[in-house]
Amino acid sequence: MLRLAADENFNADILRGLLRRVPDLDIVRIQDAGLSGADDAAVLEWAADDGRIVLTHDVTTLIALAVERVVAGQAMPGVFAASSRASIGTTIEDLLLLAECSVDGEWDRQILYLPL
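Heads up: these notes are all about the structure in this document. (Residues numbered from 1 in each chain as written. Predicted model: local features only at pLDDT ≥ 70, side-chain atom pairs only at ≥ 80, totals over all residues. Heavy atoms only, no water.)

What to know about unusual backbone geometry
Thought 1: The step from Leu 114 to Pro 115 runs through a cis peptide bond, and the omega angle for that step is 10°.
Thought 2: Mapped onto the fold, Pro 115 is located in the segment after strand S5 (111–114).
Thought 3: The backbone of Arg 109 shows a phi angle near 65°, a positive value even though the residue is not glycine.
Thought 4: By the secondary structure assignment, Arg 109 is in the loop between helix H4 (88–101) and S5.
Thought 5: Accessibility expressed as a relative area gives 42% for Arg 109, which makes it partly exposed. (Helix = DSSP H or I, 4+ residues; strand = E, 2+ residues; numbered from the N terminus. Buried < 20%, exposed > 50% of the residue type's maximum accessible area, 1.4 Å probe, protein only.)

Thoughts on the environment of Ala 41
Thought 1: Its place among the elements puts Ala 41 in helix H2 (residues 40–50).
Thought 2: For Ala 41, a relative accessible area of 37% gives the class partly exposed.
Thought 3: Sequence separation between Ala 41 and Val 71 is 30 residues, and the spatial gap between their C-alpha atoms is 14 Å.

Shown next as C-alpha cells:
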C-alpha cells in the first residue's frame, strides 16, 4: 500500500472518509509531521525524504515545484492533485483505488490529477 501525505489544506472530510474505509491506511497530515505553515518546497522535500506521495488540491504552486524537482533530478515520490470540485465520495474512491492497487515506486516523478 502507498505511503501518503496530505498537505495542510487538503480536505479533512476526505481524510476522515479514507480512514473510515481503511483504518490502517498509511497517511500523515503535514501538520502532524510538524510542518504547519511550511512552504510547498519544504513539504515536497519532507515527502521525498519520507517516501510519501503528496495529496493536494493546489494545482498551481505545489505542482510547479514538483515539476522543478523532477527536472532538477531530485527525488519526488509523486503528487496526487485532487480537484476541489470533485465530490468527496469520488475522491475517496479514487484515492483508495490508487493506494490499494499501486506498487511502491509506481508514481515516482509523476503528477496525477483526480478524478481519474
